[in-house]
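Here is how the chains run, residue by residue.
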Amino acid sequence: MVSDQKLKGYFFLTPPLYFIPDLLPPGVCSLLNPAAIYANNEISLGDVEIYGFDYDYTLAQYSNLLHSMIFNTARDILIEQFKYPEGLRKYEYIPGFAIRGLHYDVHKSLLMKIDAFHYVQLGTAYQGLKPVPDEEVIEMYGGTQHIPLYQMSDFYGKGPSIKQFMDIFSLPEMTLLSSVTDYFMTHNIEYDQVHLYKDISDAIKDVHVKGMMYKWIEKDMEKYILHGDETYAVLNRLVNHNKKLFLITNSPFSFVDKGMKHMVGKNWRDLFDMVIVQADKPNFFTDRRKPFRKMDEKGSLHWDKISKLEKGKIYKQGNLFDFLRLTGWRGSKVLYFGDHLYSDLADLMLRHGWRTGAIVPELETEIRIINTEQYMHSLTWQQALTGLLERIRFQGFLFSWLNSKLFPSRSLSKNLFNPQFGSIFRTFHNPTYFSRRLIRFSDIYMASISCLLNYDVNFTFYPRRTPLQHEAPLWMDQAKQAKYLTWQINDCC
């Protein structure tokens, strides 16, 4: 073991503190704005004539209290209807346990974070509520961290044995899966892992399909719905600039109507050219067979054939192909916003050429963490370490020492976001699989639609030109890395 005192001899300069700001990349010293809109693709709002919206977690943002209600109700369904052990009642929802975008291996009861290259991020694999040691994870997958594409995902994030949780509503489901698995493992109860997953999935589905969640929200909208005044401001501003608006949601009309009246006012439908409910996305975008049905305000369906979509009317089901035929709204003049990358955005972006905007509520919290001095310091330290590790041409004690300092720093950065799984956007080095899909399926992304209020209706978004790996970085050159690392080592020795 080489002492820090011996290493001190390799670094004979002690740079002053003013080297630290020089090492931070341009823009990091200036705090990021949580209310900004970020671009994956160049898009001019001046070219957009029609704005479309999902409802849940797009027009309507919900408080985290809803997750506890979903968890508790689904847990009780497991006990009372599926005859699961009564001891499960001691488990409560754990806010902040899971993050969106995780993958779940149904046959292994393993919840894990996977990066853009299909590798499990070590330290982020859980069976139940306990982490699985890295060596066990590697052994589970035949001596590798890599998960082949055919196992991981079809077009909508569902493989033969692995499911990706992309819905914000899936946070209670992941926590319930982990809690039930924890109970069985703790009590040494044998169970069928596939049955467990299916039962929990069905229990969660019951909460939504049977309308329980809708009743909770309708009963106390002040408690569950956030930022309603901002939703009104966005929609009203777009209409005042002669933009056409439409709504396509899987939620029933009575629920949407009450929520929109709460947020926007009793005449909310006057803002929209079209309102489509119970659309059955993502099938709405691919299945040509379901026709539009006109619906009255009491929920009764009409039997007449739909030959045009009229302003102020309510429509149920339907399909995108009829929608395009009846409206003529095609291509890049349409911008649609949704929170689910697969169900809301993927088909529209890849198959139909609409512009898409992803609503990512977690973005606000993550940016506030990125803006902290602790995170900036940790990131700079990691950049300095990795830069010097690349320069060392021998695998000696110095290399080992530097490497030993790198992993604790990575873990610190991860834990700032979430102690179990870290950031939804990044593994240690790479983007997450969630980030990969976010970049592929959305032109722009933001924390909420209220971010549109910060931009002119003709604003053009340009993606930032970040250096590719073969391009010379414009910040943190090797000399600065060495100076910063020298200061760090002298400081700690």
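Residues numbered from 1 in each chain as written. Predicted model: local features only at pLDDT ≥ 70, side-chain atom pairs only at ≥ 80, totals over all residues. Heavy atoms only, no water.

Engineer: Report on the overall build of the protein, specifying residues and quantitative values.
Structural biologist: Helices and strands together make up the secondary structure of the protein, namely 19 helices and 18 strands. When the 493 residues of the protein are sorted by exposure, 54% land in the buried category. Look at the contacts in the protein between residues 6 or more apart in sequence, and 75% of them connect residues 24 or more apart. For the protein, the exposed area adds up to about 23200 Å²; of that, 52% sits on carbon and sulfur atoms. (Helix = DSSP H or I, 4+ residues; strand = E, 2+ residues; numbered from the N terminus. Buried < 20%, exposed > 50% of the residue type's maximum accessible area, 1.4 Å probe, protein only. Contact = heavy atoms within 4.5 Å. Areas by Shrake-Rupley, 256 points an atom, 1.4 Å probe, with all protein chains shown as cover.)

Engineer: Break down the side chain of Gln-164 for me, with residues and values.
Structural biologist: Mapped onto the fold, Gln-164 is located in strand β9 (residues 162-164). Given a relative accessible area of 3%, Gln-164 falls into the buried group. Separated by 2.6 Å, the side chains of Gln-164 and Tyr-342 make a polar contact. Setting aside its immediate chain neighbours within four residues, Gln-164 contacts Gly-101, Leu-102, His-103, Gly-157, Tyr-342, Tyr-433 and Phe-434. (Polar contact = N/O pair within 3.5 Å; in protein donor to acceptor, adjacent residues only side chain to side chain.)

Engineer: Explain the UniProt feature "binding site: Mg(2+)" (unreviewed entry) in the protein residue by residue, including any values.
Structural biologist: Sequence positions flagged by UniProt for "binding site: Mg(2+)" (unreviewed entry) are, in local numbering, Asp-54 and Asp-339. Annotated residues spanning 286 residues; largest pairwise C-alpha distance 7.7 Å, indicating a single compact cluster. Those annotated residues lining the second largest pocket are, specifically, Asp-54 and Asp-339. Secondary-structure assignment places Asp-54 in the loop between β3 (50-53) and β4 (61-62). When its relative accessible area of 6% is taken as the criterion, Asp-54 is described as buried. A polar atom in the side chain of Asp-54 sits 2.9 Å from the side chain of Lys-281. On the secondary structure map, Asp-339 appears in the loop between β15 (334-338) and α14 (341-351). Among residues more than four places away in sequence, those in contact with Asp-339 are Asp-54, Asp-56, Tyr-57, Thr-58, Arg-100, Asp-167, Ile-168, Asp-344 and Ile-359. (UniProt positions renumbered as here; feature names shortened; annotations may be inferred. 1 Å grid on protein atoms, 1.4 Å probe; cavity = no way out; pocket = protein on both sides within 12 Å on 5 of 7 lines; lining within 4 Å.)

Engineer: Describe the environment of Leu-176, and please don't skip the residues or the numbers.
Structural biologist: Position of Leu-176 relative to the elements: it lies in helix α6 (residues 170-186). Separated by 24 residues in the primary sequence, Leu-176 and Ile-200 place their C-alpha atoms 7.4 Å from one another. Once residues within four sequence positions are removed from consideration, Leu-176 is found in contact with Phe-71, Ala-74, Arg-75, Leu-78, Ile-200 and Ile-204.

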